[in-house]
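# Fold and geometry: a report
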Amino acid sequence: MIPLMARRGRYLGCWAHYSMEFQLSSDMVEATYQADFGKSYNTRANWLHADQDNIKTDVVGLGLFASGQSGRITSNLGGRAYWIEGEGSNSGHGVGLGGSVSFSIAPKFSIGAGLIYSPDIINGGDFDTYYDAEVRASFQVMNHAALFVAYRDSEAEVGDFDYEIYKGGAIGFNFSL
């Protein structure tokens, strides 16, 4: 969810950055692929599998975000289409809107936060609302690779029941392709 670190590469005559990210805890795994095109927008595809409180959930998403940088602050604003397949008969889809911000504290250390929110009006299936929020601290260990620690809260609402997709800490890494 937070912008990934990337390097410039040449692709079909335009500048593009490509990154992969993996996030892991004892109850969750996520893989994200991001393509940054210039400095103005990026696309992300992700898959998350969680087993929170013995309830298994898979989330697949595809997003498009406008991006910008001002000094040491990087921000993204846009949306993500998603499909949630929960244990039992719980499943849903929709479009979440939101973004992220990252602040570079030192040349190799940054902190960031992000939020995607989808209200009932743009959801389908069993879920009324959906949100995915994360805060993280990241350290660049190599020119094209970084490690991070994160805290994430991701849940959907089914009527009066909060369907907890994942809530807790995670570690991860991202690298440029």
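Structure: see above.
Treat the numbers as computed from the prediction; the structure is a model and nothing was measured.

A word on the overall build of the protein chain. A count of helical and extended segments in the protein chain gives zero helices and twelve strands. In summary, the protein chain has a C-alpha radius of gyration of 16 Å against a globular reference of 16 Å for 177 residues, a match within 12%. Structurally, the protein chain occupies a C-alpha span of about 45 × 30 × 25 Å along its principal axes. Counting every position in the protein chain, which comprises 177 residues, the buried fraction comes to 44%. For the protein chain, the proportion of contacts with a sequence separation of at least 24, taken over those separated by at least 6, is 45%. When the accessible surface of the protein chain is totalled, it reaches about 8900 Å², and 64% of it is carbon and sulfur. With 12 positive and 20 negative side-chain charges, the protein chain shows a separation of 20 Å between the mean positions of the two kinds.

Burial of nonpolar side chains together is a common tendency in soluble globular proteins. Ranked by internal contacts, the top residues of the largest apolar core, which has 13 residues, are I84, Y130 and I165. Take this core: its biggest share by element is four residues, from strand β12 (residues 161-176). What Y130 contacts, discounting residues up to four positions off in sequence, is V59, R80, Y82, I84, I116, Y117, S118, N123, S154, E155, A156 and I165.

Moving on to the pairing of strand β5 (residues 55-70). Pairing geometry for strand β4 (residues 41-52) and β5, over twelve bridges, is antiparallel. Paired with A45 across the strands is L62, a residue of β5. Between β4 and β5, which pair antiparallel in sequence order, lie two residues; one of them, D53, sits at a positive phi of approximately 55°. Strand direction decides the pairing type here: β5 and strand β6 (residues 73-86), joined by 14 bridges, are antiparallel. Counterpart to V60 in the pairing with β6 is W83. In sequence, β5 turns back onto β6 through a hairpin of two residues, with G71 there showing a positive phi of about 65°.

The subject of this paragraph is the packing of aromatic side chains. In total, this model carries eight aromatic pairs according to the counting rule given. Ring geometry for F22 and F175: centres 6.3 Å apart, planes at 25°, overall stacked. With F22 in strand β2 (residues 14-24) and F175 in strand β12, this pair connects stretches of sequence that are 153 residues apart. Put simply, the rings of Y18, Y33, F37 and Y41 touch in pairs and so form one group of aromatic residues. When the ring centre of F65 is taken as origin, the NZ or CZ atom of R44, which lies over that ring, is 4.2 Å away. In this structure, R136 is placed above the aromatic ring of F148, and the distance from its NZ or CZ to the ring centre is 3.7 Å.

Relative to the assigned elements, T74 resides in strand β6. Under the relative-accessibility criterion, T74 is labelled partly exposed at 23%. Residues T74 and M20, spaced 54 residues apart in sequence, show a C-alpha to C-alpha distance of 18 Å.

Leaving glycine aside, a negative phi is the common case for residues, and trans is the common case for peptide bonds. Of note, D53 is a non-glycine position whose phi angle comes to about 55°, a positive value. Counting through the fold element by element, D53 comes out in the loop between β4 and β5. Positive phi is not limited to glycine here, since N54 has a value of about 60°. Its location among the elements puts N54 in the loop between β4 and β5. Assessed through its relative accessible area of 66%, N54 is described here as exposed.

About the cut-offs
- Residues numbered from 1 in each chain as written.
- Predicted model: local features only at pLDDT ≥ 70, side-chain atom pairs only at ≥ 80, totals over all residues.
- Heavy atoms only, no water.
- Helix = DSSP H or I, 4+ residues; strand = E, 2+ residues; numbered from the N terminus.
- Rg over C-alpha atoms; globule rule 2.2 N^0.38 Å.
- Buried < 20%, exposed > 50% of the residue type's maximum accessible area, 1.4 Å probe, protein only.
- Contact = heavy atoms within 4.5 Å.
- Areas by Shrake-Rupley, 256 points an atom, 1.4 Å probe, with all protein chains shown as cover.
- Lys, Arg positive; Asp, Glu negative; His and termini not counted.
- Charge placed at Lys NZ, Arg CZ, Asp CG, Glu CD.
- Core = buried A, V, L, I, M, F, W, Y, C linked by side-chain atoms within 4.5 Å.
- Pairing = 2+ DSSP bridges.
- Phe/Tyr/Trp six-rings, centres within 6.5 Å; stacked < 30°, edge-to-face > 60°.
- Lys NZ or Arg CZ within 6 Å of the ring centre and 35° of its normal.

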